[in-house]
Amino acid sequence: TPSKLIFVISDQQEASWQGLPVKQKKTASNALKSTAIAAHNYHDTEAVRSIAAAETADLSPSERDDMLGIPIILLSCNHAPKPNVGLVRLDTKNVLPIAQVPIPMTVYLKNEANIEQTRRLEVYVNSVKQYESPEIKLDAEGQQGHPFLIAFDRGGLHKGEVRLVGNDGNPTDDKLFFAMEVDQGIPVAVIKPMNHEIPLLEETYYIERALQTGAGGVSPVRLTTFSKDDLLTEPLQNYAAVIAVNLPAPTPEAAERLVQYVQRGGNLIWTAGENVYTDEYNALDAQFENKLLPTPLLSVETPSLEAGKDAWNIDWIDGSNPALSNLANPRDLYTRVLVVKRIGFDLSKGPVPALARLDDGMPLIVQRRIGSGTVTMFGTSVNVAWSNLPTRNIFLPMINQMIFQLAGVEQTRLQTVAGSPITFTFKEDERPGAVEIIPPSGAVLRRELSKGPDGQATATFVFGDTDQVGVYLLRPLETARQTQIPFSVNLDGEEIDAVCLTEESSRERFEDTPFVFSQAGDGVDSTFDQLKRGTSLWDMFLWGVLLVLVFEAFISNQLSQRREDKEKGIDPRQSLPNKAPSLGV
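Computed from a predicted structure; not experimentally measured.

The rules behind these values
- Residues numbered from 1 in each chain as written.
- Predicted model: local features only at pLDDT ≥ 70, side-chain atom pairs only at ≥ 80, totals over all residues.
- Heavy atoms only, no water.
- Helix = DSSP H or I, 4+ residues; strand = E, 2+ residues; numbered from the N terminus.
- Buried < 20%, exposed > 50% of the residue type's maximum accessible area, 1.4 Å probe, protein only.
- Contact = heavy atoms within 4.5 Å.
- Areas by Shrake-Rupley, 256 points an atom, 1.4 Å probe, with all protein chains shown as cover.
- Polar contact = N/O pair within 3.5 Å; in protein donor to acceptor, adjacent residues only side chain to side chain.
- Pairing = 2+ DSSP bridges.
- Axes fitted to C-alpha atoms, helices over the stretch in contact; angles between N-to-C directions.
- Phe/Tyr/Trp six-rings, centres within 6.5 Å; stacked < 30°, edge-to-face > 60°.
- Patch = residues over 30% accessible without salt bridge, like charges linked within 9 Å, V, L, I, M, F, W, Y side chains within 5 Å.
- Salt bridge = Lys/Arg side-chain N within 4 Å of Asp/Glu carboxyl O.
- Lys, Arg positive; Asp, Glu negative; His and termini not counted.
- Charge placed at Lys NZ, Arg CZ, Asp CG, Glu CD.
- Core = buried A, V, L, I, M, F, W, Y, C linked by side-chain atoms within 4.5 Å.

**Q** Quick one: what's the story with the overall build of the protein, residue by residue and with numbers?
**A** Along the backbone of the protein there are 11 helices and 30 strands. Put simply, the protein has 585 residues, and 44% of those count as buried. Sequence-distant contacts, at least 24 apart, represent 69% of the contacts inside the protein between residues at least 6 apart. Carbon and sulfur atoms make up 52% of the accessible area of the protein, which amounts to about 30,900 Å² in all.

**Q** Just give me the short version of the environment of S348, but keep the residues and values in it.
**A** Tracing the chain through its elements places S348 in the loop between β19 (342–345) and β20 (354–358). The exposure class assigned to S348 is exposed, which follows from its relative accessible area of 62%. A distance of 2.6 Å separates the side chain of S348 from the side chain of D346, its partner in a polar contact.

**Q** Break down the sheet that holds strand β9 (residues 143–150) for me, with residues and values.
**A** The strand order across the open sheet formed by three strands is β3-β4-β9, and the pairing between neighbours is antiparallel. Only two strands of the sheet have a single neighbouring strand rather than two, namely β3 (85–91) and β9. For this sheet the average axis-to-axis angle between neighbouring strands, irrespective of direction, equals 30 degrees. Where strand β4 (residues 103–111) and β9 come together, eight bridges link them in antiparallel fashion. For T106, the partnering residue across the bridge sits in β9 and is P147.

**Q** Can you break down the packing of aromatic side chains residue by residue, with the values?
**A** Applying the stated criterion to the full structure yields 12 aromatic pairs. Look at Y472 and F487: their rings are 5.1 Å apart centre to centre, the planes differ by 15 degrees, and that puts the pair in the stacked class. Residue Y472 is found in strand β28 (residues 470–477), and its partner F487 is found in strand β29 (residues 485–490); the two are separated by 15 residues along the sequence. Y472 sits in the buried class, given a relative accessible area of 1%.

**Q** Run through a negative patch on the surface, naming residues and quoting values.
**A** On the surface, a cluster of negative charge is made up of D11, D492, E494 and E495. If you trace the backbone, E494 turns up in the loop between β29 and α9 (503–509).

**Q** Can you break down the pattern of salt bridges residue by residue, with the values?
**A** Using the criterion set out here, one finds 21 salt bridges in the structure. With a shortest N-O distance of 3.1 Å, R331 and D315 are connected by a salt bridge. One end of the pair, R331, is in the loop between β17 (312–317) and α7 (332–335); the other, D315, is in strand β17, with 16 residues separating them in the sequence. By relative accessible area, D315 is classed as partly exposed at 34%.

**Q** So what about the pairing of strand β21 (residues 363–370)? Which residues, and what values?
**A** Within β21, six of the eight residues are buried, which leaves it mostly tucked inside the rest of the structure. Alignment of β20 against β21, held across three bridges, turns out to be antiparallel. For A354, the partnering residue across the bridge sits in β21 and is V366. Once β20 ends, the chain turns through four residues before running back antiparallel as β21, passing G361 with a positive phi of about 90 degrees. Sheet analysis places β21 next to strand β22 (residues 373–378), joined by six bridges and oriented antiparallel.

**Q** Now, about the sheet that holds β28: what can you tell me, with residues and values included?
**A** The mixed open sheet is built from five strands, whose spatial order is β23-β29-β28-β25-β26. Across the chains shown, the open sheet's two edge strands, defined by having one partner strand only, are β23 (414–417) and β26 (445–448). For this sheet the average axis-to-axis angle between neighbouring strands, irrespective of direction, equals 25 degrees. Bridging between β23 and β29 involves four bridges; their strand directions are parallel.

**Q** I'd like to hear about the nonpolar core, residue by residue, with values.
**A** Residues L211, I243 and M398 are the most contacted members of the largest nonpolar core, which totals 38 residues. Listing elements by their share of this core, those giving two or more residues are β12 (186–192), α4 (205–211), β14 (241–245), β17, β20, β21 and α8 (395–406). Counting residues per element, this core draws most heavily on α8, at seven residues. Y261, A272, Y281 and I370 belong to the second-largest nonpolar core, a separate cluster that totals 33 residues.

**Q** For unusual backbone geometry, give the residues involved together with the corresponding values.
**A** In this structure, the amide linkage connecting N329 to the following residue, P330, adopts the cis form with an omega of 0 degrees. One can find P330 in the loop between β17 and α7. A positive phi angle, close to 55 degrees, is found at N126, a residue other than glycine. Position of N126 relative to the elements: it lies in the loop between β6 (121–125) and β7 (128–132). The backbone of S127 sits at a positive phi, close to 70 degrees, despite the residue not being glycine.

Written out as structure tokens, the structure reads:
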């Protein structure tokens, strides 16, 4: 139509306008971008998609110029906010989901008011209250974390919710949702070089005890141990991780099975020891195109006694790795680990992806992705022969969290914000043909996975219909392994920020487009009235007619008086005295 208008209704919250920066380049899509932002604020994903499609359409220059001329009418419904406290995020990473074992979590609160506030928290699991906090004091415009512990009474899927007690300026940011699968029974295999009559002398003694930790003998890991001779017959694909402890170099047939296991999505962990001969391992690794080890190995090393050093210490841990992020601090947790023997890693071909390093800079734990899986190696033993690592407090959480992260358990604690897509990655041999998603409303949604060039379903699935807050459940279909993946959707933590745009800042964002700004209230009616009918000229016309009539009457009277005086012979100029009269004394 000839008259096109775009109306944007907004509370002017600055966090929602980050997609349209100030002093935007002069492009024809400014108006479309403003509409996309308004649609996103209302979680209208279909509108966003249609706008994005129109924005990328092949338009002529004249059409783009026409777009720039479409006026933007911004109706601001902003008002002074009431005092508000919101829940920003919930940290549930790096916990061992074991029934009846207290699990640490941390929730972060933000006070948007310019005064100190005091609030309380409640935590519910499966609609039953599990925790109630004391009074939490929040500084003006401050943010802080509050740690707490909860325990799950049984295994299985659990849905949780953190709530702020009481009312404030915005009740919608007073809840955070989470989900967790407890006692998942992760299948892990441990390969030992030989069986020993005395358990304490087993090479796998400490690592088996670490993986079997749980309340009442219940562990999230289903552990299977077998010897190196069983490598040719054991179905490795049944295990999420395979740990080879101080193992002599396997036969080429066994090595081939391990390489295939990794490439199909398995996770192989090597540990050093007296049985690991580096020359044999390097030759076998070269035979399989460097897919058996994370990097070539060097010889066994001991500290230099001449230099006065009798042991190395762990000096660095990769805190960016999800499995180790909660172990990087305090440093005393790992700096007291002593290593008296190690196998070095060949750094001549480039940097090695290290998870931990010793105080001389040499990596102690390295990890590399090969195919769809990973290969990890400890440069020292996991018994007390080469290191005191197995007896330190860091060993148990390190081993378990590495297994959890490699096995994809972290995927069951996925979180995203409302309106944002979430990505799922499946193992090569567990790719489903379709999935079912159950949102908080309870409706069942079915989605087909996209196909690759080979006609098979891809290993990743992106789900974007996350408009509802709460706990979702994804179920892979048409796959050999039936499982379920819970994930939670919460409000964006930035939504708590109450900073708003001014009228001047809004105008700067639409500098290339006709722009009308209107505040909510009585001014809205007049704005709409003016836009629909234009400026009324009737009153101005009547005033103009009135002025013309008055002026016409005045002129007419003046002309009539002069005509009458002329007819009577009166000269106005002679009737007036030549000078002002004087007063004589």
